[in-house]
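One letter stands for each residue in the lines below.
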Amino acid sequence: MFNVKIKDKTIQVEEFTSVVDIANEYKDEYEHDIVLAMIDGKLAELSKSIEEDCTLEFLTTADKIGSDCYRRSVVFMMLKAIYKKVDKDSFEKVSVNYSLQKGLYCEIHGDVKITEELLETIKTEMKSLNERDLLIAKNTLPVHQAIKRFEHYKMKDKVNLFKYRRSSRVNIYNIGGFEDYFYGYMAYSTGILKYFELTKYKNGFVLRTPDPSAPTEIPEFIEEDKHFEALNDSTEWAEMMGVPTIGDVNNAICDGSIRNIIMVQEAYQEKKIGDIASDIASRDGVKFVLIAGPSASGKTSFANRLSVQLVGQGLKPHLISVDNYFVDRKDNPVDEDGNLDYEVIEALDLEGFNRDMEALLNGEEVELPEYDFDSGTQRKSGKFLKLEKNDVLVIEGIHCLNEKMTYKLDADRKYKIYISALTPLRIDEHNRISASDWRLLRRLVRDLRTRSKSAQMTIEMWHRVRRGEEKNIFPYEADADAIFNSAMIYEPSVLKVYTEPTLFSVVEGSQEYLEANRLLKFLDYVLPLPEDDLPKNSIMREFIGGSSIVKE
């Protein structure tokens, strides 16, 4: 018998008792469905057996880790339904491309037309799988056997991925005879996968599952064509270059073609920046170019590169950072945890900013402020500015798309740009890489290099950063005149060199350890790439260093 501590109680269980049996005994004590478990602080699936005395905690769909597991499992169930209900000879593959409005945009590639009737057929089959409560079984195979199996299934992306697998074994999941690989733990069975929706959109469809804040509700789908177009352009570019997945990038690193891919993608980004500059120049009266985006999007590098392109359009740009308009620290708002909250718009001197911008627009000379982060006070900088005929202000800050930020400025004077790392790269066709993870890897490198912050510190505060983005940035994306995607196909390979050592430093047993370990498992699929071939003005340089356009 083993002693298991759970919810301040200690129970005795027999050797090799399954965690799911204990979960079924305790499920009525949880408001939402139990998905995963923590055994002595380590994440585990419910199929795991108790093999020693331990502390047991349960994670539900109201936890982020549990919600991610739920969504992953619904994707598996959806794929099972598609492969059963759609003629296998009519399509080549199903791809889960990227996140779109709290859902996943998916496509069926081949001679298949996505219709409401087809989606209803797939959804009906998914409901049947849910009602039948089928076991999601895990089999651990040697890598060479897994490769042979997915060669048989004609899933070339997984064959390509496993070629670079360092571990000698790989976990394959099975629902009723349908097998697939997934990056991350899965639910125990299809019985809890009750909440989902399929919505036709563009050439594909969006799979929606609940957010952890409301685990039984399907979020509303709001069409955002600009966001989709930015992601779709990048995805089509990656497909055209032959690098839509990590395995493809690894191949390019091995055969040396990655150098050409880097040059082409940097040129592709430069063209996108040039197109935005041309659009700005074509709009008479625009004096304020406003740039906003979530953390680690590359706003500073983008603002500098855009300024160069604006000069090429006959304009004279002046860079202004909204950070210099912070209120004095003593007046700064605090968040729900009692910490100073620099993410809310109330942390900015909005009246002073608008007063200065209006004065500049009226042809007056203005002494710009400078914020002293050491003392937490705003002071005069000694820098004066007066706008001439062809001058424009390039203003960068997280609230720049919010009308409250520029409430005194006429709309025809403003051009709004949303920037983020909207990654088109996937682990394989069924496993996407989240934009949040992409930006967190960037942030880990920059925080360590420029702020001496450990990975543990950056991961610990990341949920607060994300919370601020959800409130203060994402709701205003639709108001942008242009969307710029700063993600680059090759960057996980470059970031791996810098992030792995700092992630290994996270203390085992801490709350941040789970996240660090998850990121390390992801990076295990990625081959490292030296920075040698990166141009000095690359957005990547803002994070790894060596930038010719960003001052340290």
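Here we summarise the structure given alongside this text. Because the structure is predicted, anything quoted here is derived from the model rather than measured. (Residues numbered from 1 in each chain as written. Predicted model: local features only at pLDDT ≥ 70, side-chain atom pairs only at ≥ 80, totals over all residues. Heavy atoms only, no water.)

### Focus on the overall build of the protein chain
On a plain count of helices and strands, the protein chain comes out with 15 helices and 21 strands. Relative to a compact globule of 552 residues, whose C-alpha radius of gyration would be 24 Å, the protein chain shows 25 Å and is just as compact. A buried classification covers 55% of the 552 residues belonging to the protein chain. The contacts of the protein chain with a sequence gap of at least 6 include a subset with a gap of at least 24, amounting to 72%. Only carbon and sulfur atoms are counted for the fraction: they give 46% of the accessible area of the protein chain, which is about 24,600 Å². In the protein chain, which carries 74 positive and 96 negative side-chain charges, the distance between the mean positions of the two groups comes to 3 Å. (Helix = DSSP H or I, 4+ residues; strand = E, 2+ residues; numbered from the N terminus. Rg over C-alpha atoms; globule rule 2.2 N^0.38 Å. Buried < 20%, exposed > 50% of the residue type's maximum accessible area, 1.4 Å probe, protein only. Contact = heavy atoms within 4.5 Å. Areas by Shrake-Rupley, 256 points an atom, 1.4 Å probe, with all protein chains shown as cover. Lys, Arg positive; Asp, Glu negative; His and termini not counted. Charge placed at Lys NZ, Arg CZ, Asp CG, Glu CD.)

### Some points on unusual backbone geometry
Notably, Lys102 is not glycine yet its phi reads approximately 65 degrees, a positive angle. Relative to the elements of secondary structure, Lys102 occurs in the loop between strand 6 (91-100) and strand 7 (103-110). Using a relative accessible area of 38% as the deciding quantity, one classes Lys102 as partly exposed. Phi at Asp133 is positive, roughly 50 degrees, even though this residue is not glycine. Looking at the secondary structure, you find Asp133 in the loop between helix 3 (116-132) and strand 8 (136-142).

### Section: the nonpolar core
Core analysis: the biggest nonpolar cluster contains 121 residues, and Met78, Met126, Ile280 and Leu306 have the highest contact counts within it. Looking at this core, the element that brings in the most residues is helix 2 (residues 64-85), giving 11 residues. Within the second largest apolar cluster, 41 residues are counted, among which are Phe221, Leu360, Leu385 and Leu422. (Core = buried A, V, L, I, M, F, W, Y, C linked by side-chain atoms within 4.5 Å.)

### Some remarks on the pattern of salt bridges
Close approach of charged atoms allows side chains of opposite charge to pair. Within this structure, the stated rule accounts for 43 salt bridges. When the shortest N-O distance is used, the salt bridge between Glu45 and Lys138 registers 2.8 Å. Taken as a pair, Glu45 in strand 4 (residues 42-45) and Lys138 in strand 8 lie far apart in primary sequence, 93 residues in all. By relative accessible area, Glu45 is classed as buried at 6%. Salt bridges sharing partners connect three or more residues here, namely Lys93, Glu239, Arg426 and Glu429. (Salt bridge = Lys/Arg side-chain N within 4 Å of Asp/Glu carboxyl O.)

### Describing the pairing of strand 2 (residues 9-13)
Bridging between strand 1 (residues 2-6) and strand 2 involves five bridges; their strand directions are antiparallel. Bridge pairing in strand 2 places Val4 opposite Ile11. Hairpin connection from strand 1 to strand 2: two residues lie between these consecutive antiparallel strands, with Lys7 at a positive phi of about 50 degrees. (Pairing = 2+ DSSP bridges.)

### Section: the sheet that holds strand 9 (residues 169-175)
If you walk across this open sheet you meet the three strands as 8-9-10, and the pairing is antiparallel. The outermost strands of the open sheet, each flanked by one partner alone, are strand 8 and strand 10 (178-180). Taken over all neighbouring pairs, the strand axes of this sheet differ in orientation by 30 degrees on average, direction set aside. Bridge count between strand 9 and strand 10: three bridges; the pairing is antiparallel. Residue pairing for strand 10: Ile175 is matched across the bridge by Phe178. Against the sheet, helix 2 engages strand 8, strand 9 and strand 10, with an angle of about 130 degrees to strand 10. Helix-sheet contacts for helix 4 (residues 143-152) involve strand 8, strand 9 and strand 10, and the interaxial angle to strand 8 is about 115 degrees. (Axes fitted to C-alpha atoms, helices over the stretch in contact; angles between N-to-C directions.)

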